[in-house]
Structures are given as C-alpha cells and as structure tokens.
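# Reading the structure
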Amino acid sequence: MTLIDITAGGFRFAARLEEELAPVTCARFLAMQPYDEKLIHVRWSGEGCWIPMGDTPYDLPWENATRHPAPGQFIFYPGGYSETEILLAYGGVAFASKLGPLAGNHFLTIVEGQQQLPALGRKVLWEGAQAISFRPCA
C-alpha cells in the first residue's frame, strides 16, 4: 500500500493510492511526485476543490471512474471534453464542467485527517486558492 502525504491550506492528510483499482492512473501520479500546485474551489461540481492542469490531455484509460466521489476521494480527469484536472471531494460532489457531467478516475483516498476536509473546503471557498503539496510517505 502506497501512502501519500498531503499538505493543503495549513492542513495535513495521509492518502492511500488505489493501485489495485486504478493502476495506470496511480503510476502516472507517482511519476509526477513531488507535486506542488494550487487548490481552488470547484465551479459546477458542489463541495469540492480542484487542481486545474490545463488543456494537455493525459493518455489514461478509464479506471475506477466515478462522477460522484465521496468525501476524501481524489479523481483524475485526463482531459478531452474539459480541461485536465484533479478533484478532491470534501462533501457532496456531482463532477461536471460547463459542457455537462463528467467522470474521473478515483485514484487516491484520504485515510488520515478526513475530519479536516470541511474546514479545508470552507477555507478554499472563502479565502481563495491554497497551496497543496503531495509527497510519497517515507
């Protein structure tokens, strides 16, 4: 089991890579480590935050795809109909874009610190973009 340390908006989390359910997506994400970006609030999807990754599509198969990630689940949308992104649900999410409903690969699940998710979501919503960092656990 591969764990990832996450720091976002002053909060710390540990998350499990879903390597059995989304092996290609997890391998691609591991290759991106360490990964530092900004986390912003979603526009259409509900109680979630996302990392915009631009218009470059990632060549990923559909693995463990969902439109409704549970709180603490990260999904990776590889691009196509909308821009490439990683989304974190902190509450109810129906993943969508201005073009309509989307699905993404559920590849990472928070296993420590989940109780802090609503506070992180409120901080991103009311204070704006927050730094987020991902590092494999030592």
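All of the points below concern the structure found in this document. All figures in this text were calculated on a predicted structure; none of them were measured in a lab.

### Digging into the environment of Pro69
Following the sequence through the fold, Pro69 ends up in the loop between β5 (65-66) and β6 (73-77). Separated by 23 residues in the primary sequence, Pro69 and Gly92 have C-alpha atoms spaced 7.9 Å apart. Not counting residues up to four positions away in its chain, the partners in contact with Pro69 are Ile75, Leu87, Ala89, Gly91 and Val93.

### Comments concerning unusual backbone geometry
Among all residues except glycine, the phi angle is most often negative; among peptide bonds, the trans geometry is most common. Of note, the amide linkage connecting Gln33 to Pro34 takes the cis form, showing an omega dihedral of -10°. Structurally, the position occupied by Pro34 is in the loop between α1 (23-31) and β3 (35-41).

### Brief notes about the layout of surface pockets
For the largest pocket, the calculated volume is near 190 Å³. Surrounding the largest pocket, 15 residues form its lining, Arg43, Trp44, Ser82, Glu83 and Ser97 being those nearest its centre. Going through the elements one at a time, β7 (85-93) and β8 (96-97) are the ones with two or more residues in the lining of the largest pocket. Classifying every residue of the lining of the largest pocket gives eight nonpolar, three polar and four charged.

### Focus: the nonpolar core
Among the nonpolar cores identified, the biggest contains 30 residues, and Ile6, Phe29, Phe74, Ile86, Phe107, Leu108 and Phe134 are the most heavily contacted of them. A per-element tally of this core places strand β2 (residues 11-17) first, with four residues. Not counting residues up to four positions away in its chain, the partners in contact with Phe107 are Arg16, Leu17, Glu18, Ala22, Thr25, Cys26, Phe29, Phe74, Ile75, Phe76 and Ile86. With nine residues, the next largest nonpolar core counts Val42, Ala89, Val93 and Leu102 among its residues.

### A word on the packing of aromatic side chains
Scanning all chains against the criterion turns up 10 aromatic pairs. Taking the centre distance of 6.3 Å and the plane angle of 75° together, the rings of Phe29 and Tyr35 count as edge-to-face. Accessibility expressed as a relative area gives 12% for Tyr35, which makes it buried. With 5.8 Å between their ring centres and 70° between their planes, Tyr77 and Phe95 make a pair best called edge-to-face. In this pair, Tyr77 sits in strand β6 while Phe95 sits in the loop between β7 and β8, placing the two residues 18 residues apart along the sequence. Phe95 matches Tyr77 in its accessibility class, with the two residues each being buried. A network of ring pairs unites the aromatic residues Phe29, Tyr35, Tyr58, Phe74, Phe76, Phe107 and Phe134 as a single cluster.

### What about helix α2 (residues 117-127)?
Buried within α2 are the following residues: Leu117, Leu120, Gly121 and Val124. Down the axis of α2, the buried side of the element spans an arc of 100°, and every buried residue falls inside it. Relative to its buried face, α2 has exposed residues pointing more than 90 degrees away, namely Trp126 and Glu127. Two residues or fewer past α2, Gly128 is found with a positive phi of approximately 95°.

### Notes on the pattern of salt bridges
Under the definition given, this model contains three salt bridges. Two residues, Glu18 and Arg16, come together in a salt bridge whose shortest N-O distance is 2.7 Å. Put simply, Asp36 and Arg135 hold a salt bridge, and the shortest N to O gap is 3.0 Å. One end of the pair, Asp36, is in strand β3; the other, Arg135, is in strand β11 (residues 130-136), with 99 residues separating them in the sequence. Residue class for Asp36 comes out partly exposed when judged on its relative accessible area of 42%.

Cut-offs applied
- Residues numbered from 1 in each chain as written.
- Predicted model: local features only at pLDDT ≥ 70, side-chain atom pairs only at ≥ 80, totals over all residues.
- Heavy atoms only, no water.
- Helix = DSSP H or I, 4+ residues; strand = E, 2+ residues; numbered from the N terminus.
- Contact = heavy atoms within 4.5 Å.
- 1 Å grid on protein atoms, 1.4 Å probe; cavity = no way out; pocket = protein on both sides within 12 Å on 5 of 7 lines; lining within 4 Å.
- Points joined across faces, edges and corners; volume = space filled by probe spheres on them.
- Nonpolar A, V, L, I, M, F, W, Y, C, P; charged D, E, K, R; others polar.
- Core = buried A, V, L, I, M, F, W, Y, C linked by side-chain atoms within 4.5 Å.
- Buried < 20%, exposed > 50% of the residue type's maximum accessible area, 1.4 Å probe, protein only.
- Phe/Tyr/Trp six-rings, centres within 6.5 Å; stacked < 30°, edge-to-face > 60°.
- Arc of directions from axis to C-beta.
- Salt bridge = Lys/Arg side-chain N within 4 Å of Asp/Glu carboxyl O.

Everything listed here is a matter of geometry and, on its own, says nothing about what the molecule does.
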